[in-house]
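What follows is each chain in one-letter form.
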2 protein chains.
Amino acid sequence: MKAKVYITLKNGVLDPQGKAIEHALGALDFGGVNEVRQGKMIELDIAESDEAKAKSQIEAMCEKLLANTVIENYAIELIG
Amino acid sequence: MKAKVYITLKNGVLDPQGKAIEHALGALDFGGVNEVRQGKMIELDIAESDEAKAKSQIEAMCEKLLANTVIENYAIELIG
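Residues numbered from 1 in each chain as written. Chains lettered and ligands numbered in written order. Predicted model: local features only at pLDDT ≥ 70, side-chain atom pairs only at ≥ 80, totals over all residues. Heavy atoms only, no water.

*Asks:* So what about the environment of Ile-71 of chain A? Which residues, and what values?
*Replies:* Residue and element names in this part refer to chain A. Structurally, Ile-71 is set in the loop between α2 (51-66) and β3 (72-79). By relative accessible area, Ile-71 is classed as partly exposed at 32%. With 57 residues separating them in the primary sequence, Ile-71 and Leu-14 have C-alpha atoms 9.6 Å apart. (Helix = DSSP H or I, 4+ residues; strand = E, 2+ residues; numbered from the N terminus. Buried < 20%, exposed > 50% of the residue type's maximum accessible area, 1.4 Å probe, protein only.)

If you want it as structure tokens, here you go:
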């Protein structure tokens, strides 16, 4: 089963990478762009075929490795 | 209008970051995980309220700055 994991910084956590993108867009004359935040997306293929089990396994992966839950949120999307 | 841009490596492009995650998951006893690929997600808020115009502006941003179109694909999702 394929899955996508989206990892984003929590609200209130400074995002210098997002700020850099925002400034670079401004410098390239793309005006009116605000609140740029950069996150990560991880695609993976998990052997488990049961949706609930796959999701709980991926949650465990996020808690232990993929996300820093002090400053990051994660969302899991299962794909067929 | 808020938008999310997903930037992924094209098929066939080596993804050492994804491989590192795959090995680390294996070392943590998460078996059966394959084809791990890491991409980027960029959230932004664009002043343009017309959907078609917003999308074409974001496409231009991707082509010029956000994605390296030689090795990366991008997908744009507009949110309300």
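*Asks:* Give me the lowdown on the sheet that holds strand β1 (residues 2-9) of chain A, citing residues and values where you can.
*Replies:* Pairing in this open sheet of six strands is antiparallel, and the strands run β3(A)-β1(A)-β2(A)-β2(B)-β1(B)-β3(B) from one edge to the other. At either end of the open sheet lies a strand with only one pairing partner, and these are β3 of chain A together with β3 (72-79) of chain B. Neighbour-to-neighbour, the strand axes of this sheet turn through a mean angle of 25 degrees, independent of strand direction. The pairing of strand β2 (residues 33-46) of chain A with strand β2 (residues 33-46) of chain B spans 11 bridges and is antiparallel. Its bridge partner lying in β2 of chain B, Asp-45 of chain A is registered against Asn-34 of chain B. Strands β2 of chain A together with β2 of chain B of the sheet are contacted by helix α1 (residues 16-27) of chain A, whose axis makes an angle of about 125 degrees with β2 of chain A. (Pairing = 2+ DSSP bridges. Axes fitted to C-alpha atoms, helices over the stretch in contact; angles between N-to-C directions. Contact = heavy atoms within 4.5 Å.)

*Asks:* Quick rundown of the relation of the copies chain A and chain B? Include the residues and the values.
*Replies:* For the pair chain A and chain B, the relating rotation is 180 degrees, the translation along its axis is 0.0 Å, and the fit reaches an RMSD of 0.0 Å. The transformation relating the two chain copies, once decomposed into turn and shift, fits a two-fold axis. Minimal C-alpha separation from the rotation axis in chain A is found for Lys-40 of chain A, amounting to 2.3 Å. (Least-squares fit on C-alpha atoms with pLDDT ≥ 70 in both.)

*Asks:* Requested: an account of helix α2 (residues 51-66) of chain B, with residues and values cited.
*Replies:* Look at α2 of chain B: only 19 Å from first C-alpha to last across 16 residues, short of the 22 Å you get at 1.5 Å a residue. Where α2 of chain B is concerned, the buried positions are Ala-54, Ile-58, Met-61, Cys-62 and Leu-66 of chain B. Taken down its axis, α2 of chain B places every buried residue within 100 degrees of arc, on the same side. Opposite the buried face of α2 of chain B, by more than 90 degrees, sit the exposed residues Ala-52 and Lys-64 of chain B. Taken together, the buried residues of α2 of chain B touch α1 and β2 of chain A together with β1 (2-9), β2 and β3 of chain B. (Expected span 1.5 Å × (residues − 1). Arc of directions from axis to C-beta.)

*Asks:* Give a detailed account of the interface of chain A and chain B, specifying residues and quantitative values.
*Replies:* At the junction of the two partners, chain A supplies 31 residues and chain B supplies 31 residues. Here chain A and chain B share two salt bridges between them. Between Lys-2 of chain A and Glu-35 of chain B there is a salt bridge, and its shortest N-O distance comes to 3.3 Å. Our enumeration of links across chain A and chain B arrives at 10 residue pairs in polar contact (both at pLDDT 80 or more). Take the side of chain A that touches chain B: its biggest share by element is 14 residues, from β2 of chain A. Split into classes, the residues belonging to the side of chain A that touches chain B amount to 18 nonpolar, six polar and seven charged. (Salt bridge = Lys/Arg side-chain N within 4 Å of Asp/Glu carboxyl O. Polar contact = N/O pair within 3.5 Å; in protein donor to acceptor, adjacent residues only side chain to side chain. Nonpolar A, V, L, I, M, F, W, Y, C, P; charged D, E, K, R; others polar.)

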